[in-house]
Amino acid sequence: MTVAAVLLLRHAWRLQGRSVPLLGAAWALLVLGLVAAGAGQGAWGVSVACLSLMLCAFACLAVAGWTAPRDKARPLQRRAHMLPDAGEPSYIGRRLLTFLITVPLALVASLALALAVRVWLSANGAGEANANVVTLFLTPLLWSISVVLLMLAKRRRTQWLMLGAPLLVGGLSILWGMM
Amino acid sequence: MSNGEGVRAKGFDKATVRDALSAHAAIGLLAGAFLYLVCLTGTIVVFFTEWQRIEQPAAPEMRAIAPQSVQRAVETVLASEKGKPLTTHLYVHLPTQDLPRTTITTDHHAVHVASDGSIAMPEENAWSDYLLSLHYTLHLPSTLGMILVGLLGVMIVALAISGVIAHPRIFRDAFRLRARSSGGVGLADWHNRLGVWTLPFTIMIALTGAMIGLAVVTGYGLAGSFYKGDLEAVYAPIFGGEGAADKASAPVPDMATPMRYMQAHHPDVHPSYLILHDPLTAGQHVQVVGLHPNRLIFGEYYMFDAKGGYHGKAGLSDGALGQQAAASAYNLHFGNYGGLPVKIAYALFGLALCAMTATGTSIWLGKRRRRGLDHPRLTRAWDAIVWGSPAALMLTFVLRQWIGNDAPLVAAFWGLLVTILVVSLVVTNGHRFRRGLQILLIVAILAGCVGFALML
């Protein structure tokens, strides 16, 4: 079912206009396939269904790559603004601070927030195993999201606020959890 | 991920899309080389058990082993360690479909066991272990290395999120592949298409990897906040706790009865490991790791005392959802839950991940070159990483075949990689340098194949 969904998506996305019914059917088929796999074989079934749909998409990509014509497309121009151009200042200090904020400090903030969630889960009867495992998964997930959000923040003050809020919530929750 | 022209934000404003591309590039460049190394080793290590079999083809193989043979082997191994400090654990790997071998590992050594329970030969899989260690810790001290690799997992998830934000048409263009277009368009299309279609795999691999890598940090956070610093207490509700230690001496425990119990009471569960805790002490006890078919969990722990009395299971197969999720993280990450077909799929997607990491930096370098900001040294250094690291890995495999299990693999790998990087800074012809590395990789692969054929 998930394989059919990928093929239908491929067809829908190749059309000139946007076909909402076709796209809807493709996405519905995909969700249905995953639900059916989950109902039949649990998480194992969902994983195998995901692998099947990705393999099908790879096969479609292989065909697209094989049949792609040799042409001279307009070269890429979108700038990433990662390094300064010639003559521009390097802003080393600013970059280092961004690194400190997005890597070690964001880890601490994410851990604090994950621990706060653990306190909340425990207080609501989630069970010790569930609460601990959620914390173990949540820390890296929150850190990943924080890295992106912090790097999208336009002002340094916003970044500090984004770090401070989870630290405050986490700290207070841990204190409350210890009491 | 990097995209072509005509980006029109839908859902995100233009500034956010531009900033997301900036963030995507920054993360990719900051972590690029290590990310590539972890993705590359992860792709190869999917076949960990197969590499072990390739490394030591003469080790005895069997479909099953009798409980009394295991008992005999354990007694022999423990007797051989008399005079040494007592091993804290003794592991018996039982024959599985992936690795049909019986192997006993203690703190001091590891040996293969023949089907009659006699000790056949020492286990020699230094290359497989070195490869796994490179993937797990980049050969750094274990805690530091795992945290660093966990951080790389976090960066992959961040790259996936920022990549999707930076490319508003990424799903609409999911099958648009201008593979042979010039001006960096072909490279960007490969990067983006592989990226979008491996998105579930990438996020799952990276998140489970980050969870495993950062478990030390999170574990200490949990222990410090809720368990008075006791790290074991954090994991006890998940995987079951260790029994109370009693260091008084005791005879060799009964390892055969738990196996017989499993055959009689759980015929559909395949035991993959027997773990003996605190051997030859009064506190010793046995755990059987049982494989459950069509499940993501690495197994269920069945607990037995030293006389073979059954004491229940940990609950990884049917306990709290958190227990099942934690026990599934390892198999989900390493792809060993569906035999060879799943492993091949994982290797294919792993290669795609390597290609995305490699093309990401190349796209950025290409864009700068087209704007007149050429970085020939950086380009050659990146080629050194992309082509030099697989070549160095394969050369260490050849070294393992020539010198044997004691070959200095870690030193050889890093020595080769640093040498290739230094050469990349000295040479002037980037095209010839890259071609030379590609030829070196092919030669190393062929030499590895010839070496394996000679070992058979």
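It should be noted that the structure appears before, not after, this text.
Treat the numbers as computed from the prediction; the structure is a model and nothing was measured. Here the residue numbering is sequential within each chain, running from 1 through the sequence in written order. A letter from A marks each chain and a number from 1 marks each ligand, given out in the order of writing. Only residues with pLDDT of 70 or above have their local features reported here, since the model is predicted, and side-chain atom pairs are shown and tallied only from 80 upward, although totals for entire chains, interfaces and linings are computed over all residues. Each side-chain value is derived from all of the structure's non-hydrogen atoms; neither hydrogens nor water enter the calculation.

## Topic: the nonpolar core
Moving on, step 1. Judged by nonpolar contacts, the single largest core of 115 residues is most densely connected at Trp143(A), Phe175(B), Trp197(B) and Tyr346(B).
Moving on, step 2. Per element, the largest residue contribution to this core is 14 residues, and it comes from helix H2 (residues 20-67) of chain A.
Moving on, step 3. Whether two residues are in contact is decided by their heavy atoms, any of which lying within 4.5 Å being enough. Excluding residues within four positions of it along the chain, Trp143(A) makes contact with Thr102(A), Val103(A), Ala106(A), Leu107(A), Ser110(A), Leu151(B), Val154(B) and Leu214(B).
Moving on, step 4. Put simply, buried Ala, Val, Leu, Ile, Met, Phe, Trp, Tyr and Cys residues joined by side-chain atoms within 4.5 Å make one nonpolar core. Buried, partly exposed and exposed residues are distinguished by accessible area as a fraction of the type maximum, computed with a 1.4 Å probe on protein chains only: under 20%, between the cut-offs, and over 50%, respectively. Within the second largest apolar cluster, 25 residues are counted, among which are Val77(B), Met259(B), Tyr261(B) and Leu276(B). Only DSSP runs of H or I with at least four residues qualify as helices, and only runs of E with at least two residues qualify as strands; both kinds are numbered from the N terminus onward.

## Points about the packing of helix H4 (residues 128-152) of chain A against helix H5 (residues 142-166) of chain B
Moving on, step 1. In this analysis, axes come from line fits to C-alpha atoms, helices being fitted only over the stretch in contact, and the angle between any two N-to-C directions falls in the range 0 to 180 degrees. Orientation of H4(A) relative to H5(B), taken along the N-to-C sense of each, is 50°, at an axis distance of 8 Å. The pairing of H4(A) with H5(B) is recorded here as oblique in orientation. As for the relative orientation of H4(A) and H5(B), their crossing is right-handed in sense. In contact with Pro140(A), Trp143(A), Ser144(A), Ile145(A), Val147(A), Val148(A) and Leu152(A) of H4(A), H5(B) contributes Leu151(B), Val154(B), Met155(B), Val157(B), Ala158(B), Ile161(B), Ser162(B) and Ile165(B).
Moving on, step 2. The nonpolar class holds Ala, Val, Leu, Ile, Met, Phe, Trp, Tyr, Cys and Pro. Asp, Glu, Lys and Arg form the charged class, and all remaining residues, Gly among them, are polar. Of the residues contributing to the contact of H4(A) with H5(B), the split by class is 13 nonpolar, 2 polar and no charged. An angle counts as roughly parallel when it lies under 35 degrees, as roughly antiparallel when it exceeds 145, as roughly perpendicular when it falls between 65 and 115, and as oblique in every other case. Here is the rule for handedness: rotate from the far helix to the near one, and if that takes an anticlockwise turn smaller than a right angle the crossing is left-handed, while a clockwise turn gives right-handed.

## Regarding the interface of chain B and chain A
Accessible area lost upon the coming together of the parts serves often as the stated size of an interface.
Moving on, step 1. Every contact between the two is made by 92 residues of chain B and, on the other side, 73 residues of chain A.
Moving on, step 2. Summing both partners gives a buried area of about 7200 Å² for chain B against chain A, and 72% of it is carried by carbon and sulfur.
Moving on, step 3. Buried area: the accessible area, evaluated with a 1.4 Å probe, that two parts lose upon being put together, summed over both parts. Considering only the surface of chain B that becomes buried against chain A, Arg172(B), Phe175(B) and Arg180(B) emerge as the three largest contributors, covering 12% of it.
Moving on, step 4. A pairing counts as a salt bridge when a side-chain nitrogen of Lys or Arg comes within 4 Å of a carboxyl oxygen of Asp or Glu. Where Asp19(B) meets Lys154(A), a salt bridge forms, and the shortest distance between an N and an O atom there is 3.0 Å.
Moving on, step 5. Pairs of N or O atoms are called polar contacts if they sit within 3.5 Å, as long as, within protein, a hydrogen donor faces a hydrogen acceptor (for residues adjacent in sequence, only side-chain-to-side-chain pairs). At the boundary of chain B with chain A, the tally comes to 10 residue pairs in polar contact (both at pLDDT 80 or more).
Moving on, step 6. Going through the elements one at a time, helix H1 (14-45), H5, helix H6 (185-197), helix H7 (199-226), helix H8 (231-239), helix H10 (321-334) and helix H11 (339-370) of chain B are the ones with two or more residues in the side of chain B that touches chain A.
Moving on, step 7. Per-element tally for the side of chain B that touches chain A: the top contributor is H7(B), with 15 residues.
Moving on, step 8. Of the residues in the side of chain B that touches chain A, the class split is 60 nonpolar, 20 polar and 12 charged.

## Here we look at the packing of helix H3 (residues 92-123) of chain A against H7(B)
Moving on, step 1. Running from N to C, H3(A) and H7(B) point in directions that differ by 50°, and their axes come no closer than 11 Å. Compared by their axis directions, H3(A) and H7(B) come out oblique. Where H3(A) crosses over H7(B), the handedness of that crossing is right-handed. Facing Leu107(A), Leu111(A), Leu115(A), Arg118(A) and Val119(A) of H3(A), the residues of H7(B) in contact are Val217(B), Thr218(B), Gly221(B), Leu222(B), Ser225(B) and Phe226(B).
Moving on, step 2. Of the residues contributing to the contact of H3(A) with H7(B), the split by class is 7 nonpolar, 3 polar and 1 charged.

## Structural notes on unusual backbone geometry
All names here are of chain B.
Moving on, step 1. Residue Lys 228 is not a glycine yet carries a positive backbone phi of 50°.
Moving on, step 2. As for its position among the elements, Lys 228 is in the loop between H7 and H8.
Moving on, step 3. Here Leu 280, not a glycine, exhibits a phi torsion of approximately 65°, which is positive.
Moving on, step 4. Secondary-structure assignment places Leu 280 in the loop between strand S5 (270-277) and strand S6 (285-291).

Purely geometric numbers; function is a separate question.
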